[in-house]
Amino acid sequence: MSQITARLPDGLVAALDEAAAKLRRSRAEVIRQAVERYLEDFEDLSVAVERLRDPSDRVLDWDRVRHALRDSD
């Protein structure tokens, strides 16, 4: 496992220490989980943006979709 160093504002470190204490985890564990979740969200958002930028992907009109769904009942 690699080790990295990062500089954080004092307020963020205080919040990190408070969260770590409440969770009964080390700073490193809290940071590792936070980075993992951030990167998962980043990947999901990247896929969403790619799909939004895809010119071959049809854009659906919400009113038409809503009416179609309502009429299908």
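Not measured: the values here are computed from a predicted model.

Asks: Break down the overall build of the chain for me, citing the residues and quoting the values.
Replies: Of the regular secondary structure elements, the chain holds three helices and zero strands. Its helices and strands taken in sequence order, the chain reads α-α-α from the N to the C terminus. For the chain, whose C-alpha radius of gyration is 21 Å, the value lies well above the compact-globule estimate of 11 Å for 73 residues. With the C-alpha coordinates of the chain rotated into their principal frame, the extents come out at 55 × 30 × 25 Å. Burial analysis of the chain (73 residues in total) assigns 4% to the buried set. Split by element, the accessible area of the chain, about 7,400 Å² in all, is 54% carbon and sulfur. Considering the chain, the positive charge centre built from 13 side chains and the negative charge centre built from 16 side chains are found 4 Å apart.

Asks: So what's going on with the confidence of the model for the chain? Which residues, and what values?
Replies: Here the chain averages 92 in pLDDT, while 99% of its residues score no lower than 70. Per-element averaging of pLDDT across the chain places helix 3 (residues 62-71) at the bottom with 89 and helix 1 (residues 10-23) at the top with 98.

Asks: Give a description of a nonpolar patch on the surface that names residues and reports values.
Replies: Residues I31, V35, Y38, L39 and F42 make up a contiguous nonpolar surface patch of roughly 500 Å² in combined accessible area. Assignment of secondary structure puts L39 in helix 2 (residues 27-53).

Asks: Could you give me a rundown of a negative patch on the surface, with the residues and numbers involved?
Replies: Taken together, E36, E40, D41, E43, D44 and E50 make up a surface patch of like negative charges. With respect to the helices, strands and loops of the structure, E50 is situated in helix 2.

Asks: Can you lay out the pattern of salt bridges for me, pointing to particular residues and giving the numbers?
Replies: Considering all chains together, one arrives at three salt bridges under this definition. Two residues, R27 and D17, come together in a salt bridge whose shortest N-O distance is 2.5 Å. Here R27 is found in helix 2, whereas its partner D17 is found in helix 1, with 10 residues between them in sequence. Looking at R27, the relative accessible area reads 44%, which means it is partly exposed. Judged by its relative accessible area of 32%, D17 falls in the partly exposed class. In this structure, E18 and K22 form a salt bridge, with 3.2 Å as the shortest nitrogen-oxygen distance. In this pair, E18 and K22 are both assigned in helix 1, four residues apart and thus about one turn of the helix distant.

Definitions and cut-offs
- Residues numbered from 1 in each chain as written.
- Predicted model: local features only at pLDDT ≥ 70, side-chain atom pairs only at ≥ 80, totals over all residues.
- Heavy atoms only, no water.
- Helix = DSSP H or I, 4+ residues; strand = E, 2+ residues; numbered from the N terminus.
- Rg over C-alpha atoms; globule rule 2.2 N^0.38 Å.
- Buried < 20%, exposed > 50% of the residue type's maximum accessible area, 1.4 Å probe, protein only.
- Areas by Shrake-Rupley, 256 points an atom, 1.4 Å probe, with all protein chains shown as cover.
- Lys, Arg positive; Asp, Glu negative; His and termini not counted.
- Charge placed at Lys NZ, Arg CZ, Asp CG, Glu CD.
- pLDDT = per-residue confidence, 0-100.
- Patch = residues over 30% accessible without salt bridge, like charges linked within 9 Å, V, L, I, M, F, W, Y side chains within 5 Å.
- Salt bridge = Lys/Arg side-chain N within 4 Å of Asp/Glu carboxyl O.

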